[in-house]
Amino acid sequence: MMQDILTLNHVTVRKQKSLLLSGIDLCVAQNDFVGVIGPNGAGKTTLLNVIGGFEKFTGDLFLFGKTETWRRSRRTRLRVGYVPQHLQIDPGFPILAVEAVITGAIGRVGLFRKTGKPERKEALRLMDMMRVAHLADRPLGQLSGGEKQKVSLARAILQKPDILLLDEPTANLDIAVQKEVLNLIDEISEREDLTILYVTHDFNMLPSRMGRAVMLKDSVKYFDGGIREALTGDMLSRLFEYPLETFERNGRRFVSYG
Amino acid sequence: MVEQILEALTYPPIQRAVLACILCGASCALLSVFVVLMRMPLIGVSMSHAAFAGAVVGMLLDVNPFLSGFILCLLTAAVLGPLSDRTDIAPENLLGILLSFLMGIAFLGMGILTKTKAGALNLMWGSLLTLSGGDLAVLAIVTGILAGFVILFFKEIRAVLFNRRLAASGGVPERLIYYALLFLTGAVVSSNLATVGGLLIFALLVQPGATAMQLTYNLKSFFCISTASGILACVLGLVVSYFFDIPSGASVILVSTLLFTLAFVFSPKRRTTTLKKRKPSYENESR
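What counts, and where the lines are drawn
- Residues numbered from 1 in each chain as written.
- Chains lettered and ligands numbered in written order.
- Predicted model: local features only at pLDDT ≥ 70, side-chain atom pairs only at ≥ 80, totals over all residues.
- Helix = DSSP H or I, 4+ residues; strand = E, 2+ residues; numbered from the N terminus.
- Rg over C-alpha atoms; globule rule 2.2 N^0.38 Å.
- Buried ≥ 20, exposed ≤ 12 C-beta atoms within 10 Å, placed from the backbone.
- Contact = placed C-beta atoms within 7 Å.
- Pairing = 2+ DSSP bridges.
- Axes fitted to C-alpha atoms, helices over the stretch in contact; angles between N-to-C directions.
- Domains from an automatic or database assignment.
- Nonpolar A, V, L, I, M, F, W, Y, C, P; charged D, E, K, R; others polar.
- Parallel < 35°, antiparallel > 145°, perpendicular 65-115°, else oblique.
- Left-handed = near helix turned anticlockwise from the far one by under 90°.
- Expected span 1.5 Å × (residues − 1).

## Let's talk about the overall build of chain B
- Along its length, chain B carries 15 helices and zero strands.
- Taking 2.2 N^0.38 as the reference for a compact globule, 287 residues should give roughly 19 Å; the C-alpha atoms of chain B span a radius of gyration of 20 Å, in line with that estimate.
- Residues classed as buried in chain B amount to 48% of the 287 residues present.
- Residue pairs at least 24 apart in sequence account for 74% of intrachain contacts in chain B once pairs closer than 6 positions are excluded.

## Regarding the sheet that holds strand β4 (residues 58-63) of chain A
Residues and elements named next belong to chain A.
- With antiparallel pairing, four strands are arranged side by side in an open sheet as β2-β1-β4-β5. In the strand order of this sheet, the two ends are held by β2 (18-29) and β5 (66-67), each with one partner.
- Relative to β5, β4 is paired through two bridges, and the arrangement is antiparallel. The partner of Phe62 across the bridge, within β5, is Thr67.

## A look at the sheet that holds strand β10 (residues 220-226) of chain A
All names here are of chain A.
- The strand order across the open sheet built from six strands is β6-β7-β8-β3-β9-β10, with neighbouring strands paired in mixed fashion. The outermost strands of the open sheet, each flanked by one partner alone, are β6 (80-83) and β10. Neighbour to neighbour, the strand axes of the sheet diverge by 15° on average, direction disregarded.

## Regarding the domain arrangement of chain A
Residue and element names in this part refer to chain A.
- Partitioning chain A into domains gives domain 1 (1-79 + 162-258) and domain 2 (88-160).
- On a C-alpha basis, the centroid separation for the pair domain 1 and domain 2 is 25 Å.
- Taken residue by residue, the interface counts 13 residues in domain 1 and eleven residues in domain 2.
- Among the secondary structure elements, those contributing two or more residues to the side of domain 1 that touches domain 2 are α2 (74-78) and α6 (175-191).
- Take the side of domain 1 that touches domain 2: its biggest share by element is five residues, from α6.
- Along the lines of polarity and charge, the residues of the side of domain 1 that touches domain 2 split into eight nonpolar, one polar and four charged.

## Some thoughts on the packing of helix α4 (residues 117-129) of chain A against helix α5 (residues 145-158) of chain A
Residues and elements named next belong to chain A.
- Look at α4 against α5: their axes get within 9 Å of each other, and the N-to-C directions meet at 135°. Classified by the angle their axes make, α4 and α5 are oblique. As for how α4 packs across α5, the hand of that crossing is right-handed. Together, Glu122, Ala123, Leu126 and Met127 of α4 and Ala154, Ile157 and Leu158 of α5 make up the contact between the two elements.
- Split into classes, the residues belonging to the contact of α4 with α5 amount to six nonpolar, no polar and one charged.

## Details of the interface of chain B and chain A
- With 27 residues of chain B at the interface, the matching set in chain A holds 32 residues.
- For the side of chain B that touches chain A, the element with the highest residue contribution is helix α8 (residues 154-162) of chain B, accounting for five residues.
- The residue inventory of the side of chain B that touches chain A, partitioned by class, reads eleven nonpolar, eight polar and eight charged.

## A few points about the environment of Ile177(B)
Residue and element names in this part refer to chain B.
- Its location among the elements puts Ile177 in helix α10 (residues 174-191).
- Taking the C-alpha atoms as reference, Ile177 lies 7.1 Å from Ile157; in sequence the two are 20 residues apart.
- Dropping the residues within four chain positions of it, Ile177 is found in contact with Phe153, Glu156, Ile157 and Val160.

## So, helix α12 (residues 219-244) of chain B
- Taking 1.5 Å of rise per residue, 26 residues should cover 38 Å, and α12(B) covers 37 Å from first to last C-alpha, within 8% of that figure.
- Just downstream of α12(B), Asp245(B) is the residue with a positive phi angle, here 55°.

## Observations concerning the pairing of strand β9 (residues 212-217) of chain A
Residues and elements named next belong to chain A.
- Two strands pair when backbone bridges link them, and strand β3 (residues 33-37) and β9 are joined in this way by four bridges, in the parallel orientation. By the bridge assignment, Val34 is partnered in β9 with Arg212.
- Examined bridge by bridge, β9 and β10 share six bridges and lie antiparallel to one another. By the bridge assignment, Val214 is partnered in β10 with Asp224.
- Taken together, β9 and the strand that follows it, β10, pair antiparallel across an intervening segment of two residues, in which Asp218 is found at a positive phi of about 50°.

Structure (structure tokens):
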């Protein structure tokens, strides 16, 4: 029996007068690969922000067996990695790709200590795994969207987290690069001992190792279960309030936009 | 001309002015790295206006202008800090309101001030040639603290400058660094009221960093180039003001702008980016 490392009990987020998340209950076991799926404004990113400790909330959140609020200790933060949708950076910003990856190790190294050769070596290994090792000494701001996303993934893994939060990591990428990043995410989930929460609204571009879907609609949990039960025409049509059909080809399920 | 400079350097007031130049250039330029890389020029300008308004109010109430300027800076920081953490309101509008409000206070103070207005005007333009020993001591301490902060927390600063949220998610004490920075901004701005003044300091809070931005991709070099150009602008500005008998604040800012223009024209960074644009590759397409 796998242990639950993340539990949410009736988590609610209110901002001004609008309700961003309402009474979310969720249990995530170790090594789960969970897709958080739903239309725009359903609360997907807010849910990720709550788990990542970027957003105030009411209700209970248990991480690694301990109650947590949005204020976290360094130790807890280190165990939750985060990859944003889009890494915003000025093209002239003074940071090289490898330096950006090494920032993932800074929290672990701690104050008043320098990052050195071991961190650099590990960063280069991860960049190699993400197929961006040849870009290590290039300024980060000059890399393409896909390359930046791979650097961002390497940075998050260097942190050695137990949970990895991915916020639409393939948005804004062209189809070939999306597929490449998806394969890399599958590779990460296979090699590293990781629990992954993956936010998306693109159900044709899902990592193949994603086994579970949590669907959000209008700030509440709409569905929680296996990915195959989730990706049915009926379910998706109701979720997105738009007629959708699914079909299978080569053992994979696809969604037709009708 | 070299002889004239060497001769001038034997006078203690001139020695003090040169020292002030170095400290002022270094402190403002170090800060400008943050102002430029965190894209917070409006925070810089608000803080300098706050220091100016605080100092004028201090003169009205017979309080040390540095102290009252610093206090109003900290109050401004206390408003700005939480504000910039919120994503639901556009900070630019509120900064604009805060800025004009602070200017209003400053000019109101100037209007009420019955004593000689020369002192208040000095806070606006600054004067490198008439600094007191106390002004210098405060400036030296503030510059030292800022330099120590940058050296001790260099790797955390890199992470925070790169991306605040990623820094926080990676266990870097991001809020601590950010608030220390706002505090130091207040200290640097208010201690430089006497050197370049509350209006012109804004140029020194942006230009050295912007100059470095044209020249390097290395953060360490970035800090060094910025500091060097800030000090150079102040020292050269002082020399120009001494020889041509013009206000030192104005000549410092003009020299600083000249340095930026030179860096911009000869920027190797811009050249590489334009080269890349001419030759689009597959990877650049997906940007």
